[in-house]
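Spelled out from the first residue to the last, the chains are:
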Amino acid sequence: MPLEDGDSARWRGQQVNGEVSGTLQPGRTREPPLRDTPAPNDSGTEVMAEGREPGPALVDGNATPRRVSQQAGQHEEALMAELSELVQMVVRSSSWWERHGVDISILTCSILLLLPGFLCLRSAQAIPFLVGVLTLGVVHHTLTVKGSHLASHNALTESKSWGKVWAIFFIELCSAFTVEQGTYNHVKIHHGYTNIIGMGDSSTWKVPFLNRYVYMFIAPLAVPVITPLVALDLLRNVEWKAALRTLCCMFLGLYCHYWLLRHVSGFQSAWSALLCMLLTRSLLAHPYIHVNIFQHIGLPMFTPDRKPKRIHLMSLGVLNLPRNRLLDWSFGHSLISCHVEHHLFPSLSDNMCLKIKPVVSQYLKQKKLPYNEDTYTSRLRLFLQRYEELMVHAPPITELVGIQ
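The protein chain is annotated in an unreviewed UniProt entry as FADS6 desaturase from Tricholaema leucomelas.

Asks: Would you explain the overall build of the protein chain in this entry?
Replies: On a plain count of helices and strands, the protein chain comes out with 17 helices and four strands. Counting across all 404 residues of the protein chain, residues that qualify as buried make up 50%.

Asks: What is the right way to read the pattern of salt bridges from this model?
Replies: Across all of its chains, the model carries 13 salt bridges by this definition. With a closest N to O distance of 3.8 Å, Lys-309 and Glu-77 form a salt bridge. Of this pair, Lys-309 sits in the loop between α11 (285-294) and α12 (310-317) while Glu-77 sits in helix α1 (residues 65-92), and the two are 232 residues apart along the sequence. Assessed through its relative accessible area of 10%, Lys-309 is described here as buried. Judged by its relative accessible area of 25%, Glu-77 is partly exposed. Among the salt bridges present, the one from Glu-98 reaches Lys-355, with a minimum N-O distance of 3.0 Å. On the criterion of sequence distance, the pair formed by Glu-98 in helix α2 (residues 96-112) and Lys-355 in helix α15 (residues 350-366) is long-range, its members being 257 residues apart. Overall, Glu-98 belongs to the partly exposed group, its relative accessible area being 25%.

Asks: What exactly am I supposed to notice about helix α5 (residues 160-174) here?
Replies: Owing to its 3.6 residues per turn, the α-helix brings residues three or four apart onto one side. If you check α5, its first and last C-alpha atoms are 20 Å apart, about what 15 residues at 1.5 Å a residue would give, namely 21 Å. Among the residues making up α5, those that are buried are Gly-163, Ala-167, Ile-168, Phe-170, Ile-171, Glu-172 and Cys-174. You can read the cap of α5 off the contacts: a side-chain oxygen lies 3.4 Å from the backbone nitrogen of Ser-161, and it is on Ser-159. Directly beyond the C-terminal end of α5, a positive phi value near 60° is found at Ala-176.

Asks: For this particular structure, what's the right way to read the state of the cysteines?
Replies: Throughout this description, disulfide means a covalent bond between two cysteine sulfur atoms. Under the definition given, this model contains zero disulfides. Unpaired in this structure, Cys-249 has its nearest cysteine sulfur neighbour in Cys-248, at a distance of 6.9 Å. Free of any disulfide, Cys-338 has its nearest neighbouring cysteine sulfur in Cys-353, separated by 6.0 Å. Residue Cys-338 is classed as buried on the basis of its relative accessible area of 0%.

Asks: Looking at this structure, I do not really get the packing of aromatic side chains. What am I missing?
Replies: The geometry of an aromatic ring pair is captured by two quantities: the separation of the ring centres and the angle between the planes. On inspection of all chains with the given rule, the structure shows twelve aromatic pairs. For the ring pair Phe-129 and Phe-267, a centre distance of 6.4 Å and an interplane angle of 55° mean the geometry is tilted. Separated by 138 residues along the polypeptide, Phe-129 in helix α4 (residues 126-152) and Phe-267 in the loop between α9 (240-263) and α10 (270-281) bring together distant segments of the chain. Residue class for Phe-129 comes out partly exposed when judged on its relative accessible area of 27%. With 6.3 Å between their ring centres and 80° between their planes, Tyr-288 and Phe-331 make a pair best called edge-to-face.

Asks: Mind showing me how you'd approach the environment of Leu-210 here?
Replies: Tracing the backbone shows Leu-210 in the loop between α6 (179-191) and α7 (212-218). Once the C-alpha coordinates of Leu-210 and Val-392 are considered, the two residues, 182 residues apart in sequence, prove to be 9.0 Å apart. Excluding anything up to four places from it in sequence, Leu-210 contacts Tyr-215, Ala-219 and Tyr-387.

Asks: Would you explain the UniProt feature "transmembrane region" (unreviewed entry) in the protein chain in this entry?
Replies: Per the UniProt record, "transmembrane region" (unreviewed entry) is annotated on residues 213-235 and 242-260. Helix makes up 78% of residues 213-235 and strand 0%. Its end C-alpha atoms lie 32 Å apart.

Asks: Help me out: how do you make sense of the nonpolar core in this one?
Replies: Generally speaking, nonpolar side chains in soluble globular proteins are found buried as a group. Ranked by size, the top nonpolar core spans 27 residues in total, and within it Leu-344, Phe-345, Val-360 and Leu-364 carry the most contacts. Membership of the second largest hydrophobic core comes to 19 residues, among which are Val-139, Phe-177, Leu-234 and Cys-249.

Asks: Explain the confidence of the model for the protein chain here, please?
Replies: Predicted coordinates in areas of low pLDDT are best not read in detail. This prediction gives the protein chain a mean pLDDT of 85; 80% of its residues lie at or above 70. With pLDDT under 50 throughout, residues 1-61 is counted as low confidence; its partners more than four residues away or in other chains account for 164 contacts.

Asks: What am I meant to see in the packing of α2 against α15 here?
Replies: Think of two packed helices as two axes; the pair is described by the angle between the axes and how far apart they sit. Two elements in contact, α2 and α15, have axes whose closest approach is 7 Å; the angle formed by their N-to-C orientations is 130°. What the angle tells us is that α2 and α15 run oblique. Facing α2, whose interface residues are Glu-98, Arg-99, Val-102 and Asp-103, α15 presents Asp-350, Asn-351, Met-352 and Lys-355. Among the residues forming the contact of α2 with α15, the class breakdown is two nonpolar, one polar and five charged.

Asks: Any chance you could explain the side chain of Ser-152 here in plain terms?
Replies: Within the secondary structure layout, Ser-152 lies in helix α4. Within the structure, Ser-152 has its side chain in polar contact with the backbone oxygen of His-149 (distance 2.7 Å). In contact with Ser-152, not counting residues within four places along its chain, are Ile-171, Thr-183, His-186 and Val-187.

The rules behind the values
- Residues numbered from 1 in each chain as written.
- Predicted model: local features only at pLDDT ≥ 70, side-chain atom pairs only at ≥ 80, totals over all residues.
- Heavy atoms only, no water.
- Helix = DSSP H or I, 4+ residues; strand = E, 2+ residues; numbered from the N terminus.
- Buried < 20%, exposed > 50% of the residue type's maximum accessible area, 1.4 Å probe, protein only.
- Salt bridge = Lys/Arg side-chain N within 4 Å of Asp/Glu carboxyl O.
- Expected span 1.5 Å × (residues − 1).
- Polar contact = N/O pair within 3.5 Å; in protein donor to acceptor, adjacent residues only side chain to side chain.
- Disulfide = S-S within 2.5 Å.
- Phe/Tyr/Trp six-rings, centres within 6.5 Å; stacked < 30°, edge-to-face > 60°.
- Contact = heavy atoms within 4.5 Å.
- UniProt positions renumbered as here; feature names shortened; annotations may be inferred.
- Core = buried A, V, L, I, M, F, W, Y, C linked by side-chain atoms within 4.5 Å.
- pLDDT = per-residue confidence, 0-100.
- Axes fitted to C-alpha atoms, helices over the stretch in contact; angles between N-to-C directions.
- Parallel < 35°, antiparallel > 145°, perpendicular 65-115°, else oblique.
- Nonpolar A, V, L, I, M, F, W, Y, C, P; charged D, E, K, R; others polar.

Below you can see the structure in the form of structure tokens.
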């Protein structure tokens, strides 16, 4: 991704089905966390603008760079305020079922499918056994990815107290991670500083010593083992009461899974039960890793002192993937086809992100702002071809020259 310094340089994306995916090309006019790091609030549709750092200024006539920068900042804040009002109108006209009920029902159905899944594993026949593995694998990822993600943003309920309860249930009990560090890393850092080098640039997903094929196709199988180990290491950064609660919830969640396999599914040995746990918990680990890198890495990156305002930051640095029934169910729309909408309005549920998608996409295109979309296979091909550049070497810095 080359850098251009002239006033004629513009960011544009690769055309994919009429949309853009993140690359930098010149000459076209289409437009471990630090606990003492200040972080913006995750305020959903109420967010007007994030950050106060002015971007590179363009001098026009007698206007000073400072005045031009202030005018550009005010214009971007006005754009975000206008889009926020449009989204607020959609939210206010939506029922509770649309705001929360649809996603809660998906999570409830997943919990109800646990018992049939464990019972299918009792069968000595291949087809029922595989049905049980697939059922438990999808249920596990629905609870741990979709449930944890919504709970971390308090998007399951409008009550903060119940939001804390759901966060502990989905993040600690189901996912074997810690609420405090998980929420801080994702909500405060990744969302607050999306694609900012050294902060929210998704660098935690990079493992430079692994080659492309090992990282993309073999390493994801280790996610169920790595996740609780990382959580245990992060417990050093939380209060002892929170650490004790997390340890109890992690142990309870893992032991319940093991106990059900032994006493409901009828596994005769501990090793066979543990192997089944690994199999079901890693069933969708490959798309989980892929989605987390496809939607940010390879798009424009910025330094903390040269980042654009929120609407530009999210439209430049976030990408949507096409809808997929399996991933929509288990990961949620906000992580797949509505990731741009989710980063602009992170407190909205998956179903609401899907509902505001036409409003957001139309507005960004109308204002000549990027709206990044690409296919899963296209991004996979890109990462296999440019793995060294994207996942091993330091990403290039984007200069916001000429963005209006």
